[in-house]
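Results of the structural survey
Listed below are the residues making up each chain.
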Amino acid sequence: MCWAPPTSGGWRAPAAGCGRPASPAARWPSLLKYYSHTDSVSWLEEYKARHNAGLEAQRIVSSFSKRFFSEHVPCDGFSDIETLGCPSHFFEDELMCILNMEGRKGLTWKYYAKKILYFLRQQNILKNLKEYLQRPADQQSFLEGAVLIDQYCNPLSDICLKSVQAQVDEITDKVRKVLRTKNPRHPSVASKAGEILIPEVELQRQVLDAMNCVLYEQLKYKGNELDYYNSLNSYIHQVLIRRTGIPISLSVLYLTIARQLGVKLEPVNFPSHFLLRWCQGKEGTDIFDYTYIDAFGKGKQLTVKECEYLIGHHVTEEFYGVVTSKEVLQRMVGNLLNLGKRESTDQSYQLLRDSLDLYLAMYPDNVQHLMLQARLYFHLGIWPEKVLDILQHIQALDPSQHGAVGYLVQHTLEHIERRKEEVGPEVKHRSDEKHKEVCFSIGLIMKHKRYGYNCVIYGWDPACMMGHEWIRNMNVHSLPHGPHQPFYNVLVEDGSCRYAAQENLEHNSEPREIPHPDIGRYFSEFTGTHYLANTELEIRYPEDLELTCTTVQKIYSSGKERMTAASQGWKQTGV
């Protein structure tokens, strides 16, 4: 049986005449990694399992819009996924098939398939991270830790330790070639990764010189001074692709290559600028026995005094000490946490949420970060039950937090009670007399007259429904019609959600897709001129589709007529 991708009317029936099923690996190439040529596999049984997993995935994805349209998917919303009766890799593969559907249809399916896949992969990565942290320190690879952080923050990207290690190995081989030209008898030329530790200082120096030549001269790696606070600088797979990063990510790469070539470098948690240290000779006894290496600064070797010049102030000896792999990960996650707090366009605070998850996986009893997580979920209005669990944990750890905890508990309980009182969706009919001033409709692509951004309407009110403080802060009273005019909820192309006055919006004469992460939550399809509301949004605005279609036809047919007339005029004048 051959299943086709979902259409606007659901999933098509199996195509006829498919004959005997091929192996799942042949029909679904992404599954090849789960099979070996030496395995004895019942392909018919595997095919049935993949087919059933596909049906289960379709059932769950199709149910999410109705269940969770009016709120974020709650933390217990994935409970039926956690108890799947089918192989998880088959289930994930079906989700990927949905996400990779071509065209502009199935937007709501893609939206929820992405959320489910995000959850599944993050749960698995978190499990791997906890297993990693339980290993002895000498079995915790710095590169593997960096990959785990990268995977958790980018769960939909194809990132794996094997491919990252392969890229690092390629760089290591280039260094060996340079070494071979300088010293054909160098022990690192013939040895395999990590097999030996070179005792001679001069031979170690030759390795570091060759590394600097390959990384910074041949491959043009460099510290990203121009875009330092870009989160991509922290992700090891992006460092390898873009050949740039911040001190800690470049240090992990540098240290890994050096160790594979027999030079033991150690990470140093230096303030404001992560460094490596290299002991030239016997094990050092104080900070002056080491040379410090700045991977961000093209592998420059520094003295203690030069390290202080680097950051502009004196630091105590403790900051020159070596740190564990867990402490390296803590600093990497801390960088991402700070970036997450700075994010202004991502209203879901996804980076902050992900980095908090990672930090608390390493330090589950850190009161400061537990409180930040509780405040974040409270601010976003999501997962109130989880907020209460976090607050209870904080109170047990630190009773002195009872004031802040009590405030959040009270308001969270009020939020839960309000949610229980909600009887159903509010339905807005355009034919109601109180809505007669509403000119625009759901799904129209608009342009803001003052700020120039492109957006799509996903909701409207006959007058401004925001509180007095918002109205004052946004200076709404300075508008000619003030708050007493229709206001529209819009998804903006920069990823934000805004509430715009009718007098500030106009039809976009050149409609385009709006690349907003929540577009599938409200719309099922982009037609090329407008968006079609999904079932749940259409229930709330049942009369909007007709007006949207009429408006679009009027705007773009008149536009075509003007173009035709202009074209004929050019022909007549010989232009």
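Conventions used here
- Residues numbered from 1 in each chain as written.
- Predicted model: local features only at pLDDT ≥ 70, side-chain atom pairs only at ≥ 80, totals over all residues.
- Heavy atoms only, no water.
- Core = buried A, V, L, I, M, F, W, Y, C linked by side-chain atoms within 4.5 Å.
- Buried < 20%, exposed > 50% of the residue type's maximum accessible area, 1.4 Å probe, protein only.
- Helix = DSSP H or I, 4+ residues; strand = E, 2+ residues; numbered from the N terminus.
- Contact = heavy atoms within 4.5 Å.
- pLDDT = per-residue confidence, 0-100.
- Patch = residues over 30% accessible without salt bridge, like charges linked within 9 Å, V, L, I, M, F, W, Y side chains within 5 Å.
- Areas by Shrake-Rupley, 256 points an atom, 1.4 Å probe, with all protein chains shown as cover.
- Salt bridge = Lys/Arg side-chain N within 4 Å of Asp/Glu carboxyl O.
- Lys, Arg positive; Asp, Glu negative; His and termini not counted.
- Charge placed at Lys NZ, Arg CZ, Asp CG, Glu CD.
- Phe/Tyr/Trp six-rings, centres within 6.5 Å; stacked < 30°, edge-to-face > 60°.
- Lys NZ or Arg CZ within 6 Å of the ring centre and 35° of its normal.
- Pairing = 2+ DSSP bridges.
- Axes fitted to C-alpha atoms, helices over the stretch in contact; angles between N-to-C directions.
- Parallel < 35°, antiparallel > 145°, perpendicular 65-115°, else oblique.
- Left-handed = near helix turned anticlockwise from the far one by under 90°.
- Nonpolar A, V, L, I, M, F, W, Y, C, P; charged D, E, K, R; others polar.
- Expected span 1.5 Å × (residues − 1).
- Arc of directions from axis to C-beta.

Note on soluble globular proteins: their nonpolar side chains tend to be buried together. With 86 residues, the main nonpolar core has Met211, Tyr221 and Tyr254 as its most contacted residues. The biggest single contributor to this core is helix α9 (residues 201–218), with nine residues. Setting aside residues no more than four positions away along its own chain, Met211 makes contact with Val175, Tyr216, Tyr254, Ile257, Ala258 and Leu261. Core analysis: the next-biggest nonpolar cluster, separate from the first, contains 30 residues, Met446, Tyr488, Leu505 and Tyr541 among them.

Moving on, we get to the confidence of the model for the protein. In this model, the protein carries a mean pLDDT of 87, and residues with pLDDT of at least 70 account for 86%. Contacts from residues 1–19, a stretch scored under 50 in pLDDT, to residues over four places away or in other chains number 30 contacts. Here residues 569–575 is modelled with pLDDT under 50, and outside its nearest four sequence neighbours on either side it reaches one contact, counting other chains as well.

Quick look at a positive patch on the surface now. Taken together, the side chains of Lys174, Lys177, Arg180 and Arg243 make up a positively charged region of the molecular surface. Take Arg243: it is sitting in the loop between α10 (236–242) and β4 (244–245).

A complete count under the given rule lists 17 aromatic pairs for this structure. Each ring, one from Tyr458 and one from Tyr522, has its centre 4.4 Å from the other, and the planes form 35°; the classification is tilted. Linking Tyr458 in strand β10 (residues 454–461) with Tyr522 in helix α19 (residues 519–522), this pair joins segments that are 64 residues apart in sequence. By relative accessible area, which is 13% here, Tyr458 ends up buried. Accessibility expressed as a relative area gives 11% for Tyr522, which makes it buried. Relative to Tyr531, the ring of Phe523 has its centre 5.3 Å away and its plane inclined at 45°; by these criteria the two rings are tilted. Relative accessible area serves as the criterion here: at 2%, Tyr531 is assigned to the buried category. Taken together, the aromatic side chains of Phe64, Phe68, Tyr111 and Tyr112 make up a single cluster linked through ring pairs. Sitting over the face of the ring of Tyr363, Lys326 holds its NZ or CZ atom 4.5 Å from the ring centroid. Directly above the aromatic system of Tyr229 lies the positively charged group of Arg342, at a separation of 4.1 Å from the ring centroid.

Turning to the sheet that holds β10, a few remarks are in order. Read across the sheet, five strands follow the order β12-β11-β10-β9-β13 without closing on themselves; strand pairing throughout is antiparallel. Each end of this open sheet is capped by a strand with a single partner; those strands are β12 (497–501) and β13 (505–507). Between one strand axis and the next, the sheet turns by 50° as a mean value, whatever way the strands run. Pairing geometry for β10 and strand β11 (residues 487–492), over six bridges, is antiparallel. Paired with Asp461 across the bridge in β11 is Phe487.

Phi is positive for Lys220, which is not a glycine, with a value near 65°. Mapped onto the elements of the fold, Lys220 is located in the loop between α9 and β3 (222–223). Although it is not a glycine, Lys298 sits at a positive phi angle of roughly 60°. Note on placement: Lys298 falls in the loop between β7 (290–294) and β8 (300–302). Relative accessible area serves as the criterion here: at 53%, Lys298 is assigned to the exposed category.

Their axes nearest at 10 Å, the elements helix α14 (residues 350–362) and helix α15 (residues 367–380) cross at an angle of 150°. Here α14 lies roughly antiparallel to α15, going by the angle between them. At the point where α14 passes α15, the crossing takes the left-handed sense. Taken together, the residues of α15 that come into contact with α14 (itself represented by Leu352, Arg353, Leu356, Asp357, Tyr359 and Leu360) are His369, Leu370, Leu372, Gln373, Leu376, Tyr377 and Leu380. The residue makeup of the contact of α14 with α15, split by class, is nine nonpolar, two polar and two charged.

What follows deals with helix α17 (residues 402–421). Between the first and last C-alpha of α17 there are 28 Å, a value that for 20 residues agrees with the 28 Å anticipated at 1.5 Å per step. When α17 is considered as a whole, its buried residues turn out to be Val405, Leu408, Thr412 and Ile416. Relative to the axis of α17, the buried residues are bounded by an arc of 75° and lie together on one face. On the buried face of α17, the contacting elements are α15 and α16 (384–397).

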